[in-house]
Amino acid sequence: MNALKSLILGFLAGVIAAATVQEAISWLFVHYWTGWDAEPWSLRPMPSLLMPQLVLPWLVGSAITAGLWGALFGLILGWKPIGMMTIRGAILGLFGPGLIGAFIVVPHLAHLPSPLLQANVSEIVPILCISAGFGAVTAWLYGLFSWGRTP
């Protein structure tokens, strides 16, 4: 499998994981955790952080961003994924979209303080759980799509 195929399959895996598992975990935190107010499967229009004139529904913007993370995961996991894809994906999800994306890049672009620096546990725990779940499912789907193997 070549790099382009890895990018495409990783992108598709990320989009599917975002629209299903990421939003399902968010739903669980909305209903069973105090302080998490993100609306799961929201179609509310939101401006892009990089291009404010571009307004997309929240779910579409989230799926595109997740697809980009999934494409990166595809390159990192390799052309022939081997090993425990779910564990590797959860670790990638914690460090990529979790720590780098949600705690550094997004607060910087939105000119907001990082929940990590504020020690806001009601936001840190859901973000890390959603990121780990997203990474695990993205890597699992990538392994399934690329070689038809599941962990």
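Numbers given to residues run from 1 along each chain, matching the order in which its sequence is written. This being a predicted model, a pLDDT of at least 70 is required before a residue's local features are given, and a value of 80 or more before pairs of side-chain atoms are given or counted; all residues contribute to the totals for chains, interfaces and linings. Hydrogen atoms and water are omitted, and side-chain values are computed over all heavy atoms in the structure.

K.L.:
Teacher, can you tell me more about the packing of aromatic side chains here?
P.N.:
Paired rings are identified among Phe, Tyr and Trp, the last through its six-membered ring, by centres lying within 6.5 Å, and are further divided according to the angle between planes into stacked (under 30 degrees), edge-to-face (over 60) and tilted (the rest). Applying the stated rule across the entire model yields 3 aromatic pairs. An angle of 80° between the planes, with centres 6.4 Å apart, marks the rings of W27 and Y32 as edge-to-face. We classify Y32 as exposed; its relative accessible area is 64%. Centroid distance F73 to F134: 6.0 Å. Interplanar angle 45°. Geometry classified as tilted. Placement of the pair is F73 in helix 2 (residues 58-77) and F134 in helix 4 (residues 121-147), with a sequence separation of 61 residues. The same class applies to F73 and to F134, which are both buried. When accessible area is computed with a 1.4 Å probe and restricted to protein chains, residues below 20% of their type maximum are described as buried, those above 50% as exposed, and intermediate ones as partly exposed. Counting from the N terminus, the helices are the DSSP runs of H or I reaching at least four residues and the strands are the DSSP runs of E reaching at least two.

K.L.:
Explain the nonpolar core to me, please; I cannot follow it from the model alone.
P.N.:
A general tendency of soluble globular proteins is for nonpolar side chains to be buried together. With 13 residues, the main nonpolar core has F73, L77, M85, F134 and Y142 as its most contacted residues. The contacts of L77, once residues within four sequence positions are left out, are M85, R88, L92, A139 and Y142. Judged by nonpolar contacts, the second largest core, of 7 residues, contains W36, F103, I124 and I127. Nonpolar core, defined: a set of buried Ala, Val, Leu, Ile, Met, Phe, Trp, Tyr and Cys residues in which side-chain atoms within 4.5 Å join the residues together. When checking whether two residues touch, look at their non-hydrogen atoms; a contact exists if any pair is within 4.5 Å.

K.L.:
Please explain the environment of H108 as it appears in this structure.
P.N.:
Inspection of the secondary structure assignment puts H108 in helix 3 (residues 85-110). Between the C-alpha atom of H108 and that of C129, which follows or precedes it by 21 residues, the distance is 21 Å.

K.L.:
What is the right way to look at helix 2 in this model?
P.N.:
An α-helix turns once per 3.6 residues; consequently, residues spaced three or four apart project the same way. A helix is expected to span 1.5 Å for every residue after the first. Taking 1.5 Å as the rise per residue, helix 2 with 20 residues should run 28 Å; its terminal C-alpha atoms sit 28 Å apart, in good agreement. Those residues of helix 2 not exposed but buried are L59, S62, A63, A66, G67, G70, A71, F73, G74 and L77. Buried residues along helix 2 sit against helix 1 (3-32), strand 2 (55-57), helix 3 and helix 4. Just downstream of helix 2, G78 is the residue with a positive phi angle, here 100°.

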